[in-house]
Amino acid sequence: MTKKPSLKDWRDLASKEMKGGNPDDLVWQTPEGIAVKPLYTEADLEGVEHLGSMPGIDPYTRGPKATMYAGRPWTIRQYAGFSTAEESNAFYRKGLEGGQKGLSVAFDLATHRGYDSDHPRVIGDVGKAGVAIDSVEDMKILFDGIPLDQMSVSMTMNGAVVPVLASFIVAGEEQGVSRKDLSGTIQNDILKEFMVRNTYIYPPEPSMRIVADIIEYTAKEMPKFNSISISGYHMQEAGSNLVQELAYTLADGREYVRAAISKGMNVDEFAGRLSFFFCIGMNFFMEAAKLRAARLLWTRIMKEFNPKDPKSLMLRTHCQTSGVSLQEQDPYNNVVRTAFEAMSAALGGTQSLHTNSFDEAIALPTEASARIARNTQLILQHETGIANVVDPLAGSYYVENLTDQMASEAWKLIEEVEEFGGMTKAVEAGLPKQRIEEASAAKQARVDRGEEVIVGVNKYRPTHSEEIDILKIDNAKVREAQIARLNRIRKNRDTAKCEEALEALVKVAETGKGNILEAAVEAARQRASVGEISSAMEKIWGRHKAQTRTISNVYGRQFEDDKDFAAIRDSIDTMEKQLGRKPRIMVVKMGQDGHDRGAKVIATAFDDMGFDVVVGPLFQTPDEAAEMAIKERIDVVGVSSHTAGHRTLAPLLLEALANRNAADKIVICGGVIPVQDYEFLKDAGVTEIYGPGTNILDSATSLIGHLQEKFRGRNFTE
């Protein structure tokens, strides 16, 4: 009988292959601090409590359903929305004809922030990064010809969740569909907005009341509708590591359950309609293990509330492939990235999935790129065979051990949140936001140093750039059409009934008596707009303004021994001696785009290099940014763009500076800016453009050159 090889046998052989080296040197430390060994054996499963579990049975590690995809494949969704309701409707119809099974609506930033399209603060946001929805009339057009009693609709909406969901309910009514027959999901996850995405409107406390009221209303009136989608997706997109994403998402969920129970609800009344939303990035096995660990931990959390229905313990999740893993450079690599991420989500047991289009690192997806993304899922379901077996990764030494480690590390963070008194208080204290921003800065430093390889970006770069067709939105044209429709609605509605409904909504917000969503449905029925319904609540609660905080010495700490980083610091020191003070750069986010990961990383990196950095508040107008730049005696204004607003907002900023005799200030742009826009921006007066994937050290060196040219022979002390 052949002797069974031992771990020592392997170590001896591995050491020989390494020419006397130690196999322990091959251990990889993940960004989460988890040590990943080169080899796993049966011994690594000792003490792993979830082993032996079965799909569809507590603790649901192997999936919430007994038969999983062998019984029914995951739902193919495509998150989309752009320009007008008419154009988005046409896009949805083509997707459904091509095999898509559910709709996921992306709204523009004006809608997210509760502004109508005619509001002066959203001039660069209307129809960009999502569809503009101002009223029930827009919602009816959006779903024209799409039977809402047969189609599941997911809506990513948090800040303006009340008017948007109210408009959807009324649109269903007027299509002849009762609210009890509407199926789908509303995101309704406000805590993560205060952490990372920033499309909030009201302060945390009234925002949590809105969450609870929606859970209450949908539990009673919309039994097929998921009242909340608790999202970790935007945390990973903001730079969190996977353990942070897992922990803070589940801690948010625990807080929402408590909020619903505080309304007097029984946990079994609503728990079955809670859903989750995770990001799936490029760490293939860890992402699959993350979903398994999420189900394990959610079961543990829900047992605290003593549910009687086993379904109340289940974590159901939608997933989306990572947007931040997509790269502008060598863009067709993104097709491959998305395919691997999609397979990881499927092997982890997701219930539905959106696959990003390869061009989304640059602009909104075209019809052709969206088709490739959708077909990626169809190929996975029909050609790879992975849907024929329930939980194919079960029993893997590596995956099961990884699941256990991720659950253990995430639970530590969840318990830390509990010590703060729950997630609302932790968010108010800024704990999760700071941790995520630190992780984001550290990740960017690893990429810039080449320690984390991104093919086509910091290694294996193509010798020539490939220009691809992108979708462009005529922002001015969309805004003009939206304003015309708003004017018609306001002219034709019964003004008295509309005002009466809005006053009733104000009273519900003020007194705390009644349900916010119920009052908003009546206001939407009387054709109150999204902005008017939002403003009614704002009268009582105000609009939240976040405190701008920056972190220090996270990015720079990774470059302590780096010659290029030292050279940049020396150049800034020389400039400081010559000019009498450090060069000053202001990082601004204009319009309603709250994605500030890039802006925060740039701010901390440039601060660590020695620049004097000022971070402007979110949601500035060009005039406000220009005023601040002058007041703060800024040398360089850095515009961070994520949603194509740069074509409108950057020229307006330059005009505002010129009108204030400050045209000499250097204006640069960075972020998601397609190459096709570079000439337009430079013609408008932008000095330099740093697109996605730009090495921060390279951008700093370039900027120092521009500053040296500007101040050649000058002295600040003069």
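Scroll up a little and you will see the structure.
Residues numbered from 1 in each chain as written. Predicted model: local features only at pLDDT ≥ 70, side-chain atom pairs only at ≥ 80, totals over all residues. Heavy atoms only, no water.

**Considerations on helix 25 (residues 646-659)**
- An ideal rise of 1.5 Å per residue puts 20 Å on 14 residues; helix 25 measures up with 19 Å between its terminal C-alpha atoms.
- Listed as buried for helix 25 are H646, T648, L649, A650, L653, L654, A656 and L657.
- Where helix 25 is buried, its residues meet helix 18 (475-492), helix 24 (622-631), strand 14 (636-641), strand 15 (666-671) and helix 26 (678-684). (Helix = DSSP H or I, 4+ residues; strand = E, 2+ residues; numbered from the N terminus. Expected span 1.5 Å × (residues − 1). Buried < 20%, exposed > 50% of the residue type's maximum accessible area, 1.4 Å probe, protein only. Contact = heavy atoms within 4.5 Å.)

**Brief notes about the layout of surface pockets**
- Put simply, the second largest pocket is a space of about 1,100 Å³.
- Where the lining of the second largest pocket is concerned, the elements lending two or more residues are helix 2 (68-71), strand 3 (75-80), strand 5 (152-155), strand 6 (184-186), strand 9 (274-280) and strand 10 (317-321).
- Considered class by class, the residues forming the lining of the second largest pocket number 13 nonpolar, 23 polar and 10 charged. (1 Å grid on protein atoms, 1.4 Å probe; cavity = no way out; pocket = protein on both sides within 12 Å on 5 of 7 lines; lining within 4 Å. Points joined across faces, edges and corners; volume = space filled by probe spheres on them. Nonpolar A, V, L, I, M, F, W, Y, C, P; charged D, E, K, R; others polar.)

**Section: the side chain of D596**
- Relative to the helices and strands, D596 is located in the loop between strand 12 (584-588) and helix 23 (597-609).
- Apart from the residues within four sequence positions on either side, D596 is in contact with V196, N198, K433 and L618.

**Here we look at the nonpolar core**
- Of all hydrophobic cores here, the largest spans 81 residues; its most connected members are L250, W298 and M423.
- Not counting chain neighbours up to four residues away, the residues in contact with L250 comprise F276, A294, L297, W298, I301, L315 and I414.
- Membership of the second largest hydrophobic core comes to 59 residues, among which are V131, V161, I186 and F225. (Core = buried A, V, L, I, M, F, W, Y, C linked by side-chain atoms within 4.5 Å.)

**A few points about the environment of G47**
- Following the sequence through the fold, G47 ends up in the loop between strand 2 (35-36) and helix 2.
- Linking G47 and N401, residues 354 residues apart in sequence, is a C-alpha distance of 9.6 Å.

**What to know about a nonpolar patch on the surface**
- Together, M282, V336 and F340 make up an exposed nonpolar region whose accessible area comes to about 280 Å².
- Looking at the secondary structure, you find M282 in the loop between strand 9 and helix 12 (284-302). (Patch = residues over 30% accessible without salt bridge, like charges linked within 9 Å, V, L, I, M, F, W, Y side chains within 5 Å. Areas by Shrake-Rupley, 256 points an atom, 1.4 Å probe, with all protein chains shown as cover. Salt bridge = Lys/Arg side-chain N within 4 Å of Asp/Glu carboxyl O.)

**Re empty space enclosed by the protein**
- Per the stated rule, a full pass over the model turns up five cavities of 30 Å³ or more.
- Residue assignment for the lining of the largest cavity shows that the elements contributing at least two residues are helix 7 (191-197), helix 17 (431-449) and helix 23.
- In terms of residue count, the dominant contributor to the lining of the largest cavity is helix 17 (five residues).
- The residue makeup of the lining of the largest cavity, split by class, is seven nonpolar, three polar and six charged.
- A volume near 90 Å³ is recorded for the second largest cavity.

**Notes on unusual backbone geometry**
- With an omega dihedral of 15°, the bond running from D58 to P59 counts as a cis peptide bond.
- Within the fold, P59 resides in the loop between strand 2 and helix 2.
- Despite not being glycine, N198 has its phi angle at roughly 70°, a positive value.
- Secondary-structure assignment places N198 in the loop between helix 7 and helix 8 (204-221).
- By relative accessible area, N198 is classed as buried at 2%.
- Phi at R633 takes a positive value of approximately 55°, unusual for a residue other than glycine.
- Looking at the secondary structure, you find R633 in the loop between helix 24 and strand 14.

**Comments concerning the side chain of D138**
- Within the element layout of this structure, D138 appears in helix 5 (residues 136-142).
- Residue D138 is classed as buried on the basis of its relative accessible area, which comes to 1%.
- Apart from the residues lying within four places of it in its own chain, the contact partners of D138 are A85, A132, I133, Q482 and R485.

**Side note on the pairing of strand 9**
- Judged by how many residues are buried, strand 9 sits mostly within the fold: seven of seven residues are covered.
- Side chains L274, F276, F278 and I280 project from strand 9 onto one buried face, and the interleaved S275, F277 and C279 project onto a second face that is buried too.
- Here four bridges tie strand 8 (residues 228-231) to strand 9, and the two strands are oriented parallel to one another. Looking across to strand 9, one finds that I230 is bridged to F276.
- With respect to chirality, the unit in which strand 9 leads through helix 12 into the neighbouring parallel strand 10 is right-handed. (Pairing = 2+ DSSP bridges. Right-handed = clockwise from strand over helix to strand, strands pointing away.)

**Side note on the packing of helix 8 against helix 10 (residues 242-262)**
- The N-to-C vectors of helix 8 and helix 10 enclose an angle of 70°; their axes lie 9 Å apart at closest approach. Between helix 8 and helix 10, the angle is such that the two are roughly perpendicular. Like other packed secondary-structure pairs, helix 8 and helix 10 cross with a definite hand, here right-handed. Residue-level contacts link M208, V211, A212 and I215 of helix 8 to E255, Y256, A259 and A260 of helix 10.
- Of the residues assigned to the contact of helix 8 with helix 10, the class counts are seven nonpolar, no polar and one charged. (Axes fitted to C-alpha atoms, helices over the stretch in contact; angles between N-to-C directions. Parallel < 35°, antiparallel > 145°, perpendicular 65-115°, else oblique. Left-handed = near helix turned anticlockwise from the far one by under 90°.)

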